Amino acid sequence: MSESEELDVGGDETVEEEMQERDDSDDSQQSYKDLPIANPLKIALDSLGWKSPTDIQRKVIPQALQGKDIIGLAETGSGKTGAFAIPVLHFLINNPSRLFGLVLTPTRELAFQINEVFDALGSNIALNVVCIVGGIDMADQAIALAKKPHIIIATPGRLLDHLHNTKGFSLRTIKFLVLDEADRMLSMDFEKEINELLAVLPQDRKTYLFSATMTNKVDKLQKASLKNPVKVEVSTKFQTPKQLVQQYVFMPAKWKDCFLTYIVNEFKGQSIIIFVGTCNNALRTTLILRNLGFQATCLHGKLSQSKRLGALNKFKAGQSAALVATDVASRGLDIPNVDVVINYDLPSHGKDYIHRVGRTARAGKAGRSLSFVTQYDVEAYQHLETMIGAKLPQFPVDEESALMLLERVSESQRMATRELKEQEESLRKKKRKGAGHDDRDAEDGAEGEVPEKRHKKQNKNRR
Ligand code: AMP
């Protein structure tokens, strides 16, 4: 698409008129067809398989279409991305222009996910969206920005870098600003960056602010950035989906890996996420499972961005049955079709538990979560039960069968320990040779990688 080209929006729309005829307090729309949104969007929604708006979309879209600023209190998983992307694209289709919308979001993963939603919704209008996040080459991003995309999705720090350093780039034409996961952005100390960005954004823009919680900082931000906003809220109370079976598994700490192996085997053929407490544990558990012949992928904060996305895509594509993840993966990431969530290490916060188990039993599907409890976790587990407000049933483990795996699991543990040591050693050697550099991505990737080829060889005939 050349720079001069605008959106490919097809015929004229009379949506504004259609909108005025509607009663804006009407909360009962059951289908997108009832919403006065531009036709290309309706077609895209249809091909996405989104039949009716989610709660947050039903509450936000009609207000946004009336030109209001919005505060949306909703969590990831509520469909909030659609709630802001649909109105932004609707207005863009009606008034095509470059550098039209800006979405600020706290993490790279969320940015990529939002990018996917915009791409899908803009699939038949030649929409140009660009993601400006850390860990990716600045020069490539500068080239993408020079092409003046319609929508920018960015983490605050990197966007500010471009404002300071990329010649010719400005936010003067932005008509719509979305502050996504505002509470998280502020708790990640992006306040200064956001304020700097707000100072250079046009005053006559529309602003949508989404947040899971209304903290004091979010309140301050909304006062500084929104004009007469409409506040909409969807229930953030934790309600376990009826289809989610939550159980715990009690075991002595020394048999944790053995029980894990038994359970992963029990759920063979299903997609499993195993949550662990640390990056190191993610690596170690992945190695153990691979040594035992399971297809496992790990996802943790020390991996480079490209490796994180690679791991996620592999899991999404079903090439890997088990994803071993730290809480990096529990929030925000859109991982559909997970059958079982295993809390190998109990989460330190109740909220993380909610996000973890929320990866399964989505959209009416069945799902199961299993929390591992050892003699050291009893107190933490009791806290968890209080928070959920329920006593969970125990998952029945045939202990005798589980312990028959002990020898093989111990051998895999030894191999994993050796492999981790070798990896550390080779990393140390590289650093000593002067291979140290500033590229955080490359360095992180080397630290957190699981050498896959060797495992493939070792795994032959094992399973
Ligand atoms: P979000 O809260 O925006 O991260 O969305 C959570 C999940 O819901 C994503 O997988 C979306 O693709 C999906 N989703 C959003 N809106 C709808 C809808 N109206 N119908 C079905 N799925 C949806």
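Residues numbered from 1 in each chain as written. Predicted model: local features only at pLDDT ≥ 70, side-chain atom pairs only at ≥ 80, totals over all residues. Heavy atoms only, no water.

(A) Layout of the pattern of salt bridges. Tallied over the full model, the rule gives 13 salt bridges. Note that Asp55 and Arg58 form a salt bridge whose closest N and O atoms lie 3.5 Å from each other. Here the residue Asp55 and the residue Arg58 both occupy positions in helix H3 (residues 55-65), the gap between them amounting to 3 residues, near one helical turn. Judged by relative accessible area, which is 45%, Asp55 ranks as partly exposed. Across the pair Glu191 and Lys220 runs a salt bridge, and its minimum N-O distance is 3.6 Å. Note that Glu191 is positioned in helix H9 (residues 191-200) and Lys220 in helix H10 (residues 216-225), a separation of 29 residues in sequence. Accessibility expressed as a relative area gives 56% for Lys220, which makes it exposed. Shared partners join several salt bridges into a network, and the residues in it are Lys80, Asp180, Glu181 and Arg184. (Salt bridge = Lys/Arg side-chain N within 4 Å of Asp/Glu carboxyl O. Helix = DSSP H or I, 4+ residues; strand = E, 2+ residues; numbered from the N terminus. Buried < 20%, exposed > 50% of the residue type's maximum accessible area, 1.4 Å probe, protein only.)

(B) Unusual backbone geometry, seen in detail. Positive phi is not limited to glycine here, since Asp189 has a value of about 65°. One non-glycine residue, Asn228, adopts positive backbone phi at about 40°. One can find Asn228 in the loop between H10 and strand E7 (230-233).

(C) Representation of the sheet that holds strand E12 (residues 340-343) within the structure. As summarised here, the arrangement of the 6 strands in space is E8-E13-E12-E9-E11-E10, forming an open sheet in which the pairing is parallel. The sheet is open, and its two borders are formed by strand E8 (244-250) and strand E10 (296-299), each paired with just one other strand. Neighbouring strand axes in the sheet, compared pairwise and without regard to direction, differ in orientation by 20° on average. Pairing analysis gives 4 bridges linking E12 to strand E13 (residues 367-373), with the strands arranged parallel. Bridged to Asn343 within E13 is Ser371. (Pairing = 2+ DSSP bridges. Axes fitted to C-alpha atoms, helices over the stretch in contact; angles between N-to-C directions.)

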